[in-house]
Amino acid sequence: MLAADPASPRATDWSTIRRGVKARPVEWLAERGILLVSLSTIVMVFLIFLFVGREALPVVLGHLNAARVQEVIPPEKMEAVPAEQLRAYLGLTAAEFARMDKETLRLLMEIKVEEHAALPDDKDARLNTTDWRYLLGPHQWTDYQKPEYIWQPVSQVPKYNLVPLIIGSLKTTLIALLFSVPLALGAAIYVSQLAPPKLKEYIKPAIEMLSGIPSVVLGFFALIVMASVLQAIFGYQYRLNAFVAGLALGFAVIPVVFSISEDALTSVPRSYVQAALAVGSTKWQAAWGIVLPAALPGVFAAVVLGFGRAIGETMIVLMASGNASIVSWNIFESTRTMTATIAAELAETVVGGPHYRLLFLIGALLFIVTFLSNMAGDLIMHRLKSRLEGKK
Amino acid sequence: MKKLDLRPDTAQGKLQKRRRWKRMLLRDDNLSWDIRRTGVHLPSAFFTGVNAAATGLILGILFFILANILWNGWDGLSWRFVFSGSADDMFDVNKAGVFPMIFGTAARVILMTLFVIPIGVITAIYLTEYASSTSPITRIIRGAVNNLAGVPSIVFGLFGLGFFISFVGGRMDQLFLPDTAEPVWGKPAILWASLTLAVMTLPVVIVATEESLRAIAPGLREGSLALGATKLQTILRVVLPQALPGILTGGILAVSRAAGEVAPILFTGAAYYMAHLPHSLTSQFMDLGYHVFVLSTQSPNIEQTRPILYATVVVLLVLTFALNVVAILVRSQVRRRMRAMQ
């Protein structure tokens, strides 16, 4: 156990040995260098948060005005307006702005005036649709009968309500978890407690192979094969829907839930089982009555981490969910998830525009959600292991 | 069972006896399997069956997916398909080839390993050889590694676009080529895609390397120190050569994970179609996984292009699975050695 256990006294001793550090500057340098490089993981997590969040920040703070009809600056007043404001008004980058002479700018401003004249005189066109009110709450848009949640970023009045996407993500994730957790947990109990040792050595790598299938291949499989087969069986209307995507997502989640709960079940000391067997229980009774309760936090951690995996998965849902942003809890309807929205729309957005920033906001939300679920999962797992090892 | 002829007096007999003991000891962990109640407890038998069925169902799904893909993909595969490009029409069943995609995928993962392996291995060395397991900095690094492993791949894509392309690439353009209007660095490119993937696969390399470093007997390190080597010498000449299989496993797993990922490269470098192979760090590339996505969602006639779609999937699967199998084999060797040491 000495080598494997970092907490054992011998292993800690090795990490504090610093022979050569004083005599040879190279040793000292190497140690510092190694520490610096290993900090890069922390830097990366920080940078991810910073650079995804940075693009989303104007939306979060409400600094962005996405209203289609805005105050028009007449070309004659060009001189009176500060350069920076003019640049923002014309939607130019700093480099473009610097290259243009007065004449071009005036022309652009005239075009802008004409554009505004052509816009519909719609009360919605004056709304800043990136306001939190419109991002999360329902709104009665023109031509709609009642207040609704709508994600429609490419239209006369872009509508950026996040609720349909959040519901879509939760719906597919829930289906995936409902399908994969019982299966993966059953397999984990079987492999760690019930299966003959010989068989175990073959089953475990086989299930881990499932995690080696690229998600785009699972998405392809769901789109080409599963969608048709499931439609033939259940006879629902839309070929691509949350159900198909959820099942395929489940395939991706199974290995995660399996390997973590298997790990938790195996880390329950052998003596628990042996004691139960000695007083006459069957292996199943020992597994169900003794091992599973002891490892329950680990199973919970597995579900939490599986949730993180499912909500962040992109290609499967992009290909198999149908991608219609509808607010509905019906699992047989087409649905659009947060991840699929980013993947499908980012390429067509204007860099720095409201749509672009909204997609980064969705990304930041995903990052926060998975960050929290990872933290929670790891914490639970860590506590469970130290508790079980402490009891040993 | 054939009865062993135990002759304790002879060397042969001693060896046999020892082997028998060893076998028993090795089985000790599974002792409970041999302690069984007589008679059958029906509910237990039933639930054991249920769990076995769950396991069977998962394996069945895996088998079905692989069998379906191989069965349908076999016909479309040919040497011409693998080794030719689709110069005219990538949706033409008789002319399409995936060589540019294989090349692009291979190029981006090889480039990625150049970044990820040094950083990953050094971090793992720090965590196992230098850091004390209780210090706050170690815990933060471990937390960061775990979190990095759980960040959704599409968020890595956003990060690659926001950081590598807009920030780093944009700044490089301003610095080195202030007169050029067209961005050279600040646009999707194979370099940025590789860097994004390197950040994504960092945890894979770290975890695998750490595992193999921990599997090395402390006695080896102590022996080296006892002979007068410094710590750095010990790590470079004793520890690292021993850990090589594990480092390799980490690299292979990272490559296999990265080869199949599509979401992070959607905005950082993958091209829908390119007439030529990528020729510099700043060119875009065609990619196998992205091509599977294109073929299955944007094909003008899905029934007609089905053979090339399946064949492309087979090529992608063979690439990632072959790598995975190698990694699993190497890793099982490492684990066996670790168990034997304990």
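Check the entry above for the structure.
Residues numbered from 1 in each chain as written. Chains lettered and ligands numbered in written order. Predicted model: local features only at pLDDT ≥ 70, side-chain atom pairs only at ≥ 80, totals over all residues. Heavy atoms only, no water.

1. Topic: the overall build of chain B
Inference 1: Broken down by element type, chain B carries 12 helices and 0 strands.
Inference 2: Tracing chain B from N to C terminus, the helices and strands come up as α-α-α-α-α-α-α-α-α-α-α-α.
Inference 3: Expressed as a percentage of its 342 residues, the buried residues of chain B come to 49%.
Inference 4: Contacts in chain B between residues at least 24 apart in sequence constitute 71% of all its contacts with a sequence separation of at least 6.
Inference 5: Accessible surface computed for chain B: about 16700 Å², of which carbon and sulfur atoms make up 65%. (Helix = DSSP H or I, 4+ residues; strand = E, 2+ residues; numbered from the N terminus. Buried < 20%, exposed > 50% of the residue type's maximum accessible area, 1.4 Å probe, protein only. Contact = heavy atoms within 4.5 Å. Areas by Shrake-Rupley, 256 points an atom, 1.4 Å probe, with all protein chains shown as cover.)

2. Describing the overall build of chain A
Inference 1: Helices and strands together make up the secondary structure of chain A, namely 16 helices and 2 strands.
Inference 2: Relative to the globule expectation of 21 Å for 392 residues, the C-alpha radius of gyration of chain A, 28 Å, shows a markedly less compact shape.
Inference 3: The principal-axis extent of the C-alpha atoms belonging to chain A is close to 95 × 75 × 30 Å.
Inference 4: Here chain A holds 392 residues, and 52% of them are scored as buried.
Inference 5: Here the contacts in chain A between residues at least 6 apart in sequence split such that 67% fall between residues at least 24 apart.
Inference 6: For chain A, the exposed area adds up to about 18000 Å²; of that, 64% sits on carbon and sulfur atoms. (Rg over C-alpha atoms; globule rule 2.2 N^0.38 Å.)

3. Observations concerning the interface of chain B and chain A
Inference 1: Contact with chain B, which involves 100 residues of that partner, is made by 89 residues of chain A.
Inference 2: Summing both partners gives a buried area of about 8600 Å² for chain B against chain A, and 75% of it is carried by carbon and sulfur.
Inference 3: Taken together, the links from chain B to chain A amount to 4 residue pairs in polar contact (both at pLDDT 80 or more).
Inference 4: With 18 residues, helix 3 (residues 42-73) of chain B is the largest single contributor of residues to the side of chain B that touches chain A.
Inference 5: The class makeup of the residues in the side of chain B that touches chain A is 61 nonpolar, 30 polar and 9 charged. (Buried area = accessible area lost by both parts, 1.4 Å probe. Polar contact = N/O pair within 3.5 Å; in protein donor to acceptor, adjacent residues only side chain to side chain. Nonpolar A, V, L, I, M, F, W, Y, C, P; charged D, E, K, R; others polar.)

4. Description of the side chain of Thr 105 of chain B
Inference 1: Among the structural elements, Thr 105 of chain B can be located in helix 5 (residues 99-130).
Inference 2: Separated by 3.1 Å, the side chains of Thr 105 of chain B and Asp 287 of chain B make a polar contact.

5. Describing the pattern of salt bridges
Should the charged atoms of two oppositely charged side chains come close, the side chains can pair.
All names here are of chain A.
Inference 1: Throughout the structure, instances matching the rule amount to 12 salt bridges over all chains.
Inference 2: The salt bridge partner of Glu 55 is Arg 357, with a shortest N-O separation of 3.4 Å. Of the two residues, Glu 55 sits in helix 3 (residues 40-61) while Arg 357 sits in helix 16 (residues 354-391), which places them 302 residues apart along the sequence. Considered together, Glu 55 and Arg 357 belong to a single accessibility category, that of buried residues.
Inference 3: Where Arg 309 meets Glu 313, a salt bridge forms, and the shortest distance between an N and an O atom there is 2.6 Å.
Inference 4: Exposure remark for Arg 309: the relative accessible area of 32% places this residue in the partly exposed category.
Inference 5: One connected set of salt bridges, linked through shared partners, spans Arg 54, Glu 55 and Arg 357. (Salt bridge = Lys/Arg side-chain N within 4 Å of Asp/Glu carboxyl O.)

6. Here we look at the nonpolar core
Soluble globular proteins tend to pack their nonpolar side chains together in the buried interior.
Inference 1: Within the largest apolar cluster, 199 residues are counted, with the highest numbers of intra-cluster contacts made by Ile 48, Ile 213, Val 216, Val 217 and Phe 220 of chain A together with Ile 69 and Phe 159 of chain B.
Inference 2: Sort the elements by how many residues they give to this core and helix 11 (residues 242-266) of chain A lands first, with 17 residues.
Inference 3: Within the second largest apolar cluster, 9 residues are counted, among which are Val 81, Leu 86, Tyr 89 and Met 109 of chain A. (Core = buried A, V, L, I, M, F, W, Y, C linked by side-chain atoms within 4.5 Å.)

7. Considerations on the packing of aromatic side chains
Centre-to-centre distance and the angle between the planes together describe a pair of aromatic rings.
Inference 1: Within the structure shown, the criterion is met by 29 aromatic pairs over all chains.
Inference 2: With a centroid separation of 5.2 Å and an interplanar angle of 70 degrees, the aromatic rings of Phe 243 of chain A and Phe 332 of chain A are classed as edge-to-face. Note that Phe 243 of chain A is positioned in helix 11 and Phe 332 of chain A in the loop between helix 14 (315-320) and helix 15 (338-345), a separation of 89 residues in sequence.
Inference 3: In this structure Phe 243 of chain A comes out as buried when scored by relative accessible area, which is 12%.
Inference 4: Centre to centre, the rings of Phe 367 of chain A and Phe 371 of chain A are 5.8 Å apart; their planes meet at 35 degrees, and the pair counts as tilted. A residue pair is termed a helical-turn pair when its members lie 3 or 4 positions apart in one helix, as Phe 367 of chain A and Phe 371 of chain A do in helix 16 at 4 residues.
Inference 5: We classify Phe 367 of chain A as buried; its relative accessible area is 4%.
Inference 6: Members of the aromatic cluster, each reached through a chain of ring pairs, are Phe 51 of chain A together with Phe 159, Phe 163, Phe 164, Phe 167, Trp 185 and Trp 192 of chain B. (Phe/Tyr/Trp six-rings, centres within 6.5 Å; stacked < 30°, edge-to-face > 60°.)

8. Details of the packing of helix 12 (residues 270-278) of chain A against helix 13 (residues 283-312) of chain A
Geometrically, a packed helix pair is captured by the angle between its two axes and the distance between the axes.
Residues and elements named next belong to chain A.
Inference 1: Closest axis-to-axis distance for the helix 12/helix 13 pair is 9 Å, and the angle between their directions is 140 degrees. The angle between the axes of helix 12 and helix 13 places the two elements in the oblique class. The element helix 12 and its partner helix 13 pack so that their crossing is right-handed. Across from Tyr 272, Val 273, Ala 276 and Leu 277 in helix 12, the residues of helix 13 making contact are Lys 283, Ala 286, Ile 290, Val 291 and Ala 294. (Axes fitted to C-alpha atoms, helices over the stretch in contact; angles between N-to-C directions. Parallel < 35°, antiparallel > 145°, perpendicular 65-115°, else oblique. Left-handed = near helix turned anticlockwise from the far one by under 90°.)

9. Digging into the packing of helix 8 (residues 163-194) of chain A against helix 9 (residues 197-210) of chain A
Residues and elements named next belong to chain A.
Inference 1: Running from amino to carboxyl end, helix 8 crosses helix 9 at an angle of 145 degrees, the nearest separation of the two axes being 9 Å. Regarding helix 8 and helix 9, the two cross each other, and that crossing is left-handed. Touching Ala 187, Tyr 190, Val 191 and Ser 192 of helix 8 are Leu 199, Lys 200, Ile 203, Lys 204 and Ile 207, all from helix 9.
Inference 2: For the contact of helix 8 with helix 9, the class distribution of residues is 6 nonpolar, 1 polar and 2 charged.

10. Topic: a negative patch on the surface
Inference 1: Among the surface-exposed residues, Glu 76, Asp 101, Glu 103, Glu 110, Glu 114 and Glu 115 of chain A lie close enough to one another that they form a single negatively charged patch.
Inference 2: By the secondary structure assignment, Glu 76 of chain A is in the loop between helix 3 and helix 4 (83-90). (Patch = residues over 30% accessible without salt bridge, like charges linked within 9 Å, V, L, I, M, F, W, Y side chains within 5 Å. Lys, Arg positive; Asp, Glu negative; His and termini not counted. Charge placed at Lys NZ, Arg CZ, Asp CG, Glu CD.)

11. Looking at helix 8 (residues 190-214) of chain B
Residue and element names in this part refer to chain B.
Inference 1: Taking 1.5 Å per residue as the helical rise, helix 8 with its 25 residues ought to reach 36 Å, and the 35 Å between its terminal C-alpha atoms agrees with that figure.
Inference 2: Within helix 8, the axis deviates most sharply at Thr 201, by approximately 45 degrees, and proline Pro 203 lies no more than four positions further along.
Inference 3: Among the 25 residues that make up helix 8, 22 are buried, leaving the element largely enclosed by the rest of the structure. (Expected span 1.5 Å × (residues − 1). Bend = angle between axes of the 7 residues up to and from the residue.)

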